[in-house]
Amino acid sequence: LELRPRANETFTSDSSLVTRAAGRVLQIWLRGAEASLRDDTPAIAAQSPTMSAFVRRIEEELERARRFDLRLSLVLIDVPPQVQGSEVFAQVQDTLRRELRGSDVLGKMNAQRVVALLTHTDAPGSYKAVGRVRRRLAETAVRLNVAGVTIGHAVFSPDCRTAEALVSQALRDAEPVAV
């Protein structure tokens, strides 16, 4: 997309807004070709308000990362369906929260996914953080006698520039937490 003023004219103060709006419309239109955040399970297919609110937050952080050339990583923890809504799920969230910095953002995408955005974190920093979280989750899983928790992560890059791409990459990268 290229917007230019006519010959012998300059952009108005609204030009920046129009350019951003046009770019956003194109992003939304093109996004249809990317993977969806929805799972195969019928309960998730309706996209809960919690999920969409956190996806909006991811998009805000991605926009900030693109605009200011910042590093950003996403950590995704999948909890087995049998522990959804239980004390175990709360313990998983608490474990992740203890390993995050104040600038990191913790959220839930649906009934079985806890997600963290690691601000100002590149690939090596993300690997370190995931290693720490994995060790803590292993301790928690052993203490609570839970198996099947997986953790994956993705880094903002030319290949992962949308919330959908980050989540898809984190799901592909996900590995079980050793119990």
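Residues numbered from 1 in each chain as written. Predicted model: local features only at pLDDT ≥ 70, side-chain atom pairs only at ≥ 80, totals over all residues. Heavy atoms only, no water.

Draft legend 1. Main features of the side chain of arginine 113. Structurally, the position occupied by arginine 113 is in strand E3 (residues 113–119). When its relative accessible area of 5% is taken as the criterion, arginine 113 is described as buried. For arginine 113, the side chain forms a polar contact with the side chain of aspartate 78, separated by 2.9 Å. (Helix = DSSP H or I, 4+ residues; strand = E, 2+ residues; numbered from the N terminus. Buried < 20%, exposed > 50% of the residue type's maximum accessible area, 1.4 Å probe, protein only. Polar contact = N/O pair within 3.5 Å; in protein donor to acceptor, adjacent residues only side chain to side chain.)

Draft legend 2. Expanded view of helix H4 (residues 87–99). In this model, H4 (13 residues) spans 19 Å end to end at C-alpha, consistent with the 18 Å of a helix rising 1.5 Å per residue. Regarding H4, the residues found buried are Val88, Phe89, Gln91, Val92, Gln93, Thr95, Leu96 and Glu99. Elements in contact with the buried residues of H4: strand E1 (72–78), strand E2 (105–110), E3 and helix H5 (123–144). (Expected span 1.5 Å × (residues − 1). Contact = heavy atoms within 4.5 Å.)

Draft legend 3. How the structure looks around the sheet that holds E1. Taken in spatial order, the five strands line up as E2-E3-E1-E4-E5 in an open sheet, and their pairing is antiparallel. Edge strands, defined here as strands with exactly one partner in the open sheet, are E2 and strand E5 (175–176). Where E1 meets strand E4 (residues 150–155), six bridges bridge the pair, whose relative direction is antiparallel. Looking across to E4, one finds that valine 75 is bridged to histidine 153. Seen against the sheet, helix H6 (residues 163–173) touches E1, E2, E3, E4 and E5 and runs at an angle of roughly 135° to E4. (Pairing = 2+ DSSP bridges. Axes fitted to C-alpha atoms, helices over the stretch in contact; angles between N-to-C directions.)

Draft legend 4. Broad picture of the environment of glutamate 99. For glutamate 99, the location among the structural elements is in helix H4. We classify glutamate 99 as buried; its relative accessible area is 14%. Note: C-alpha distance between glutamate 99 and arginine 132 (33 residues apart in sequence) is 7.2 Å. Beyond its immediate chain neighbours, meaning those up to four positions away, glutamate 99 contacts Arg132, Val133 and Arg136.

Draft legend 5. Here's a closer look at the pattern of salt bridges. For the structure on display, the rule yields 10 salt bridges. A salt bridge links arginine 57 to glutamate 61, with the nearest nitrogen and oxygen atoms 3.1 Å apart. One end of the pair is arginine 57 and the other is glutamate 61, both in helix H3 (residues 49–68) and four residues apart, which spans about a single turn. Using a relative accessible area of 9% as the deciding quantity, one classes glutamate 61 as buried. The closest approach of N and O atoms between aspartate 94 and arginine 97, which form a salt bridge, is 3.9 Å. Pair noted here: aspartate 94 and arginine 97 are both in helix H4, with a separation of three residues, about one helical turn. Taking relative accessible area as the criterion, aspartate 94 reaches 31% and is therefore assigned partly exposed. Three or more residues are tied together by salt bridges with common partners; here these are Arg57, Glu61 and Arg64. (Salt bridge = Lys/Arg side-chain N within 4 Å of Asp/Glu carboxyl O.)

Keep in mind that these numbers describe shape and distance, not what the molecule does.
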